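If you want the building blocks of each chain, they are given just below.
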Amino acid sequence: MTDTMTTQTTPATRRARALEIVRGFGAELGHHIGGAAMESAGDAHDVLEPATGETLGRVRDATREELDKAVAAAKRAFPAWAALPGERRKELLHRVADLIEARAEEIAAVECLDAGQCWRFMAKAAVRGAENFRFFADQAPAARDGKALPSPEHLNFTTRQPIGPVGVITPWNTPFMLSTWKIAPALAAGCTVVHKPAEWSPYSARLLVEIANEAELPAGVFNSVNGLGETTGRRLTEHPDIKAIAFVGDTSTGTAIMRQGAETLKRVHFELGGKNPVIVFDDADLERALDAAIFMIYSLNGQRCTSSSRLLVQRSIYDRFVEQVAARAKALKVGDPFDPATEVGPLIHPHHRDKVRSYMGVAEAEGARIAAGGAAIDGPGHFFRPTLIADAHGAMRIAQEEIFGPVLTAIPFDDEADAIRIANDVRYGLAAYLWTSDIGRALRVSNALEAGMVWINSENVRHLPTPFGGVKASGIGRDGGDWSFDFYMETKNVALAHGSHKISRMGV
Ligand code: NAD
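Residues numbered from 1 in each chain as written. Predicted model: local features only at pLDDT ≥ 70, side-chain atom pairs only at ≥ 80, totals over all residues. Heavy atoms only, no water.

Visitor: What am I meant to see in the site of the ligand here?
Guide: The environment of the ligand is formed by 28 residues, the closest being Glu 199, Thr 253, Glu 271, Leu 272 and Glu 402. In the environment of the ligand, an oxygen atom lies 2.6 Å from a nitrogen or oxygen atom belonging to the side chain of Glu 199. Within the complex, 91% of the 850 Å² of free accessible area of the ligand lies under protein. Of all the elements in the fold, those that place two or more residues in the shell around the ligand are α8 (229–238), β10 (244–248) and α9 (251–262). Taken together, the residues that form the shell around the ligand break down as 14 nonpolar, 8 polar and 6 charged. Formed jointly, the shell around the ligand draws a minimum of three residues from each of two domains, domain 1 (3–272 + 474–492) and domain 2 (277–456). (Near = heavy atom within 4 Å. Polar contact = N/O pair within 3.5 Å; in protein donor to acceptor, adjacent residues only side chain to side chain. Areas by Shrake-Rupley, 256 points an atom, 1.4 Å probe, with all protein chains shown as cover. Helix = DSSP H or I, 4+ residues; strand = E, 2+ residues; numbered from the N terminus. Nonpolar A, V, L, I, M, F, W, Y, C, P; charged D, E, K, R; others polar. Domains from an automatic or database assignment.)

Below you can see the structure in the form of structure tokens.
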């Protein structure tokens, strides 16, 4: 993995700064509604620092009344925000991007503190948050443009209009970047937003609130409510004045949200779980494939939706390749997330670490071999060793279920057809990675893979105009480019009669 450190500060000073920021928010994090902070009367929940296990503070649930206030603020702000010329929204959102860039190191440090993600990746992710705002800001002026579809009798033309106030619900794994990926296009489209960040890593969302205020987004355009999914999240998804829910998280939560939103016919966009294959054929550039396989499972502590958590290797090279992966996994530097040399940090929460650990017993019971790692690290914090489970087969639970930690499951395959069969034989279909030097094979296999995104001879590299999303249990809808605007807008067709056709006369 490559070092992306951008600063001369030390890990200790970064952590001290992050703690200072978090403490500055107060012992209990309430909400931000209609341009002002709001204390909450809801139940409180601890937020832990993954690297130490210590309590950083508490978040409070939004009571029904508080949630109603947040939605009312978004509803009040909607007409004026939607009516603002796209050029003006563009200007304001670029201002948000400028401020994110200016505070990128603070944002990255807060992500290290409460999400346990490593500095080397978060320093980049914070900047990507600014890029998300810039990209969608630039699209704002033309986002409503439509098509002319003339017919013999009419000039038909389409326009797009923002759908209304929307709810954005995000997970804990890379909280800031993921939030901006949803919030920026919603605001650029002219929607107002009520954001609910994850309860285990809520602090960087508060930085986004500060930035939105400083950028002088009108009050009520961007609101943030805290709390658990079952309380605050549920209330948001059920609210009749919220027109759409953009959700990133677990597949089972997506199912719950669909049910909760059914009564109010909520439009939903889901980015859900994955069990993504990296398929290595024996004709591949094996050095590069090895680097990419390591990067895609162990970076972000394996807590990444697009992680390549299943390694499918052609049988002729399987033993040697797996041995190399095991050696590399054992050599990864696990430790302080603030240290730019650290490659793997702690898992988010003791519950999550216990879930990841439970799969080690499952692997052994299923007859697979733990070739690297396989255990939590003693001492404070929720650390888990980078793990390789070898000699698995596709039907095993460790090959079927999303573990969402630094755990890679290796499976041998015989030929192209076998690789495709194993790759597709899971409920998920988010991303797939394919390594081969045969172009024909690359096209055949990528065509057959059940995945929303396929990378050939590459790790996951995002290009913002391209569509991002999954099939099967990995999601509904696409983000990126114009796809995001399709979600946050309604398309209207206007048919203007030429006047030359005969109007049907009834009742004469
Ligand atoms: P999660 O589903 O438990 O929580 C995500 C968010 O949903 C949180 O804010 C949570 O409070 C909220 N929530 C929970 N229950 C809810 C309910 N009933 N109603 C409304 N909101 C509710 O997911 P997580 O554990 O925070 O994140 C990990 C999951 O996210 C993994 O499955 C991962 O693959 C997925 N993920 C997907 C993508 C993607 O782009 N496809 C990106 C990142 C993470």
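Visitor: What is the right way to look at the sheet that holds strand β1 (residues 28–29) in this model?
Guide: Within a sheet, adjacent strands bond to each other through the backbone by hydrogen bonds, running parallel or antiparallel. Taken in spatial order, the 3 strands of this open sheet run β1-β5-β4, and their pairing is mixed. What marks the edges here is a single partner per strand, and that holds for β1 and β4 (44–48). Looking at chain direction, β4 and strand β5 (residues 55–60) are connected through 5 bridges and run antiparallel. Considered in β5, the bridge of Leu 48 is made with Thr 55. (Pairing = 2+ DSSP bridges.)

Visitor: Help me out: how do you make sense of the sheet that holds strand β19 (residues 453–456) in this one?
Guide: As summarised here, the arrangement of the 7 strands in space is β14-β15-β16-β13-β12-β18-β19, forming an open sheet in which the pairing is mixed. Among the strands making up the open sheet, the edge pair consists of β14 (369–372) and β19. On average, each strand axis in the sheet is inclined to that of its neighbour by 25°, with strand direction left out of account. Alignment of strand β13 (residues 310–314) against strand β16 (residues 407–413), held across 5 bridges, turns out to be parallel. Along β16, the bridge assignment pairs Leu 312 with Ile 411. Against the sheet, helix α11 (residues 315–331) contacts β12 (277–280), β13, β14, β15 (387–390) and β16, and its axis sits at roughly 140° relative to β13. (Axes fitted to C-alpha atoms, helices over the stretch in contact; angles between N-to-C directions. Contact = heavy atoms within 4.5 Å.)

Visitor: Sorry, what's going on with the nonpolar core here?
Guide: In summary, soluble globular proteins display a tendency toward joint burial of nonpolar side chains. In terms of nonpolar packing, the biggest core is built from 108 residues, with Phe 133, Leu 217, Leu 311 and Leu 388 touching the most fellow members. Counting residues per element, this core draws most heavily on helix α5 (residues 119–139), which supplies 11 residues. If we skip the residues at most four places from it in the chain, Leu 388 touches Tyr 298, Val 322, Val 325, Ala 326, Arg 369, Ile 370, Ala 371, Ala 372, Leu 408 and Ala 410. Judged by nonpolar contacts, the second largest core, of 30 residues, contains Ile 279, Ala 376, Ile 389 and Val 407. (Core = buried A, V, L, I, M, F, W, Y, C linked by side-chain atoms within 4.5 Å. Buried < 20%, exposed > 50% of the residue type's maximum accessible area, 1.4 Å probe, protein only.)

Visitor: Teacher, can you tell me more about the environment of Gly 373 here?
Guide: Among the structural elements, Gly 373 can be located in the loop between β14 and β15. Take Gly 373: its relative accessible area is 36%, and that puts it in the partly exposed class. In sequence terms Gly 373 and Phe 404 are 31 residues apart; their C-alpha atoms lie 15 Å from each other. Apart from residues no more than four positions distant in its own chain, Gly 373 is found in contact with Arg 385, Pro 386 and Thr 387.

Visitor: Even after reading the chapter, I still don't get helix α10 (residues 286–298), so can you show me in this structure?
Guide: Turn by turn, an α-helix covers 3.6 residues, leaving residues three or four places apart pointing in a common direction. With 13 residues, α10 ought to run about 18 Å at 1.5 Å a step, and its terminal C-alpha atoms sit 18 Å apart, in line with that. Within the span of α10, buried status applies to Ala 289, Leu 290, Ala 292, Ala 293, Ile 294, Met 296, Ile 297 and Tyr 298. Looking at the buried side of α10, the elements it contacts are β12, β13, α11, β15, β16 and β18 (431–435). Just beyond α10, the residue with positive phi is Leu 300, at close to 55°. (Expected span 1.5 Å × (residues − 1).)

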